[in-house]
Amino acid sequence: MRAKKVVRRLAAILATDMVGYSRHIERDESGTITRQKNHFEAIMNPSISEHAGRVVKLTGDGALVEFGSAVDAVHCAVEVQQGLAESEAAVPSESRILYRVGINVGDIVIDGDDILGDGVNVAARLEALAEPGGICISGTAYDQVHNKVDMKFADLGEQQVKNIQAPVRVYAVRAEGLEGVDTGPPAPQIDGGPRRSDKPSIAVLPLNNMSGDPDQEFFADGITEDIITELSRFRELFVISRNSAFKYKNQPVNIAEFAKTLGVQFVVEGSVRKAGDRVRVTVQLIDAETDGHIWAERYDRELKDIFEIQDEITSTIVATLPGRLEAATHDRVKRKLTDNMAAYECLLTGKILHHRSSKETNEEALRILDRAIELDPKYAHAHAWRACTLGQSWVHNWCADRDQTWEQIGAELKLALALDDNDSDVHRILAAVCVAHEEHDKAVYHQDRALALNPNDDLVVVQQGEILTWIGQPEEGIEWIRKAMRRNPYHPERYWAHLGRAQFVARQYDQAINALRHITAPDETHHAILAASFAELGDAESASAHADEIRKLIPKFSTDVYLETQHYKRDEDRAHHRDAMLKAGLRP
């Protein structure tokens, strides 16, 4: 008996899926189902039909669609995402329904009305890689469309996707009106390669912990962070932030793709092993374009020599890079470090715990930093980071007594400054405290000092943008915030809030709205700027919707009371914000 012939054909496959479907269903089952049905009937189905697509099947939270042309599939996807974004624009962002879309061109197996095979599987995997509201396409789809459609594509490199043996080349579609597309610094563009700094650019991969002891992860991570910090002190270098580098911790890394994703020329990788009072650090500098090892070294020393090891690593890297940069300008020698290795290890652990940004890890970080200070009361950097961690608890209201915590922050910073005037974190945190006190001139002084001491730290760079906005220079502030986003492509969500505020103050209302759409759980401050921006654009309905969200969060919300928490130096900026909020229907 002859086996049934397998029918195959080449097709463009579009897979789409709702973001956070389970969360939406749990919150409002009937409303979510109704809205999804309306989206399909009013937006998706007409566009699919117009572009000669065939709906293969609908899932609970998405759809699988077949097209005869990759160009039709991409045009359809863009139209659908634009239509959905417009339809959901007035909905508060935490309730907004968004979809991801993946498109692949490949061989499919026909099974009645269904389609199967790797061509379908790749489309589904691409959909999972897309931004909420965005579109990802495969390299095979890109090859067929990039010269035929009027839109840009960001090359995301080769991605290893589940159940597909070979890596898949992935491109993100960049088209006007897509949710999340106004991302500040553009993603690497295929027509020009990764967007790079004019300076030699470098990223440091997290050092591998080779001790076999999970408790030493803090030590390995802390050494990595310190190397990044020391490299950042060289103005001649562009250094990718620790947040972005640590996204790759404990993952197999293709150096070329890692460098391309972050837009850097050089990569540092290595390992650390600590045993008793000895430490071994192995490190190598790689030219990402050639995958060539420029320099490698192993340091097998006593633990007390760890700062010398870090100096040797950074100085050697800087001296080795193109231009033979002069390490003699390094002001590291001015900084007062600790001789107490136990205090240093506590500091490393405290900083890593702080970065995890939860109430529990904040409390643990404070406990560990208290221990560092107990071991070395004159350790300025530990006092600075204790102030920073207390500030985190104050901002998020994780402290029992806010007034007492605020006093502790001031005391820690005063002591840290007296102990070491050359610590960038001391000046960074002091600048933030001065802003909160509306001592703008003092804030600018400390911010300038922080920037001079560590010009590559994205926390310092983004704060430069914040302070410029508060003192009435929002256009310059926008550029600095975008620069921080470039240094840290995996930046915290709050960077979008800083950008949105700066754009609002600069009267760039559309851009402010787009920036703030990246906030997953907006608070009253985010809604206030959104309401004000929509009001200035004449969109009374959207402005009113965000005003309603503010009243849900704070029933007795007052514009004037709210503005007391905003740190504008210029009266005209405060008046602009107030007038716009009143236009949105909020009470004085």
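This structure is a prediction, so every number in the text was calculated from the model and none was measured.

(A) Structural detail: the pattern of salt bridges. A full pass over the atoms with the stated rule returns 21 salt bridges. Of the charged contacts in the structure, one is a salt bridge between Glu66 and Arg9, with a shortest N-O distance of 2.7 Å. Taken together, the positions of Glu66 in strand β3 (residues 62–67) and Arg9 in strand β1 (residues 8–18) put the pair 57 residues apart, joining distant regions of the chain. Judged by relative accessible area, Glu66 falls into the buried class, the value being 8%.

(B) Structural detail: the packing of aromatic side chains. Following the criterion strictly, the structure yields 6 aromatic pairs and no others. Look at Trp394 and Trp406: their rings are 4.6 Å apart centre to centre, the planes differ by 40°, and that puts the pair in the tilted class. Note that Trp394 is positioned in helix α12 (residues 380–395) and Trp406 in helix α13 (residues 402–419), a separation of 12 residues in sequence. Geometrically, the ring pair formed by Trp470 and Tyr568 is edge-to-face, given 5.1 Å between the ring centres and 65° between the ring planes. Note that Trp470 is positioned in helix α16 (residues 458–470) and Tyr568 in the loop between α22 (559–563) and α23 (571–583), a separation of 98 residues in sequence. Overall, the relative accessible area of 9% leaves Trp470 in the buried class. Under the relative-accessibility criterion, Tyr568 is labelled buried at 3%. Chaining the aromatic ring pairs together yields one cluster made of Tyr142, Phe153 and Tyr171. Seen from the ring of Trp480, Lys483 lies directly overhead, with NZ or CZ sitting 3.9 Å from the centre.

Rules behind the numbers
- Residues numbered from 1 in each chain as written.
- Predicted model: local features only at pLDDT ≥ 70, side-chain atom pairs only at ≥ 80, totals over all residues.
- Heavy atoms only, no water.
- Salt bridge = Lys/Arg side-chain N within 4 Å of Asp/Glu carboxyl O.
- Helix = DSSP H or I, 4+ residues; strand = E, 2+ residues; numbered from the N terminus.
- Buried < 20%, exposed > 50% of the residue type's maximum accessible area, 1.4 Å probe, protein only.
- Phe/Tyr/Trp six-rings, centres within 6.5 Å; stacked < 30°, edge-to-face > 60°.
- Lys NZ or Arg CZ within 6 Å of the ring centre and 35° of its normal.

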